[in-house]
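Each chain, written out:
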Amino acid sequence: MRVLHFYKTYYPDSWGGIEQVIRQMCVGTGRLGVRNEVLTLTRDKDPSDLEFEGHMVHRMPLDFEIASTGFSFAAIRKLARLARQADVIHYHFPWPFMDLAHFMARIDKPSVVTYHSDIVRQKNLLRVYTPLKQRFLRSVDLIVATSPNYLASSPVLARYTDKVRTITYGLDKSIYPEPGQAVRDKWRAQCGGRFFLFIGVLRYYKGLHILLDAVAALDYPVVIVGAGPIERELKAHAERLGLHHVMFVGALEEVDKIALLQLCYAMVFPSHLRSEAFGISLLEGAMFGKPMISSEIGTGTTYINIDNDTGLVVPPDDPAALGAAMRTLWEQPALAAAMGERAEARYWELFTAEKMAENYAGLYRELAARPAKR
């Protein structure tokens, strides 16, 4: 069976959360006999196709962007050609150009959309885009919500409940690199033996300004891994507050990130807007047995992190509540350790890549068995 994934960014150009999920889908279902290909855009002007972890990545040149939405005329032609050989087309939402390309390429193959997130920020453009979005979501065969929490809270998904399934994200711990002792020693020397950890792209909805305000009255070490569009703004805010116990270490290689996940005391994940639909790095924290602190925003973050079980959940945009939760974990190591153990147990029960792959492979078989569209 051949499955074609279509998303705006992918390896090796981008290493974000959705890219990680698509990677895990391709590797996991590949072990079950699915032949995956990924069609994506790149800023390279003369891109070449490449093989990545057993699946082919087709990279089309980005022509221009409008409101962070990439467009590529070559990608429409490529989508039409690749779709002819595919059994199932797997779209990854949101990406308005993708909706347009679906119709312009005249896709008539069985199709599924993984609905990663509502569009939250671009209110004015959303009004213009909504008719196309609704037509696109009506035209596909199935829509996958990534958590029961998101399905229950999304007004968009509420319109299509007759064809929505829920398949949560999953991670394969075995494909993560194991840091050597020298790497671990380097980070232990730099960060100390006990610290809170955040990992993610530094974007507006990650709530890092809330975290900085929360630790202004605390002296707990905090390590922030990642780069992004508001990095300078956050560093300036930390400097104004005199936060010498907060370390911005930038974007890191995977092995360094894993070393910090192994060494950290707890994960802190202050995302305060629904743009944070799941939280892959939060799930990575659970996978490595770490207690978590997150905010209740009606998305998958609270499906990963169960309040007073795997960690603590606080109201969004509330520095005092976030600081109090950090104090609770810091001052009660036994409680923190027990929560970390339960977090890892929940990962093995619900969030493995093997479970996700089995669910998607079954869904692909169901779609491929449907009568051809006319």
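Calculation notes
- Residues numbered from 1 in each chain as written.
- Predicted model: local features only at pLDDT ≥ 70, side-chain atom pairs only at ≥ 80, totals over all residues.
- Heavy atoms only, no water.
- 1 Å grid on protein atoms, 1.4 Å probe; cavity = no way out; pocket = protein on both sides within 12 Å on 5 of 7 lines; lining within 4 Å.
- Points joined across faces, edges and corners; volume = space filled by probe spheres on them.
- Helix = DSSP H or I, 4+ residues; strand = E, 2+ residues; numbered from the N terminus.
- Nonpolar A, V, L, I, M, F, W, Y, C, P; charged D, E, K, R; others polar.
- Domains from an automatic or database assignment.
- Core = buried A, V, L, I, M, F, W, Y, C linked by side-chain atoms within 4.5 Å.
- Buried < 20%, exposed > 50% of the residue type's maximum accessible area, 1.4 Å probe, protein only.
- Contact = heavy atoms within 4.5 Å.
- Pairing = 2+ DSSP bridges.
- Right-handed = clockwise from strand over helix to strand, strands pointing away.

- Looking up the protein chain in an unreviewed UniProt entry gives the name Rhamnosyl/mannosyltransferase, with the organism given as Rugamonas rubra.

**Quick word on the layout of surface pockets**
Where empty space is left becomes clear once a probe the size of a water molecule has been rolled over the atoms.
Next up, step 1: In this model, the second largest pocket occupies a volume close to 210 Å³.
Next up, step 2: Taken together, 14 residues make up the lining of the second largest pocket; nearest its centre are Arg 31, Asp 172, Thr 352, Ala 353 and Glu 354.
Next up, step 3: Of all the elements, helix 14 (residues 353-368) adds the most residues to the lining of the second largest pocket, at four residues.
Next up, step 4: The residue inventory of the lining of the second largest pocket, partitioned by class, reads six nonpolar, three polar and five charged.
Next up, step 5: Counting only domains with at least three residues in the lining of the second largest pocket, you end up with domain 1 (2-172 + 353-369) and domain 2 (173-350).

**Brief notes about the nonpolar core**
Next up, step 1: In terms of nonpolar packing, the biggest core is built from 78 residues, with Phe 196, Leu 197, Leu 322 and Met 326 touching the most fellow members.
Next up, step 2: Per-element accounting of this core gives the leading share, six residues, to helix 12 (residues 319-331).
Next up, step 3: With residues up to four places along the chain from it excluded, the contact list for Leu 322 reads Ile 210, Leu 211, Ala 214, Val 268, Pro 270, Ile 293 and Val 314.

**Focus: the pairing of strand 12 (residues 222-225)**
Next up, step 1: Across the two faces of strand 12 the burial is the same, with Val 222 and Ile 224 and Val 223 and Val 225 all buried.
Next up, step 2: Pairing of strand 11 (residues 196-199) with strand 12, which is carried by four bridges, proceeds in the parallel orientation. The partner of Leu 197 across the bridge, within strand 12, is Val 223.
Next up, step 3: Read from strand 11 through helix 7 (residues 208-214) to strand 12, the crossover connection turns out right-handed.
Next up, step 4: Alignment of strand 12 against strand 13 (residues 246-250), held across four bridges, turns out to be parallel.

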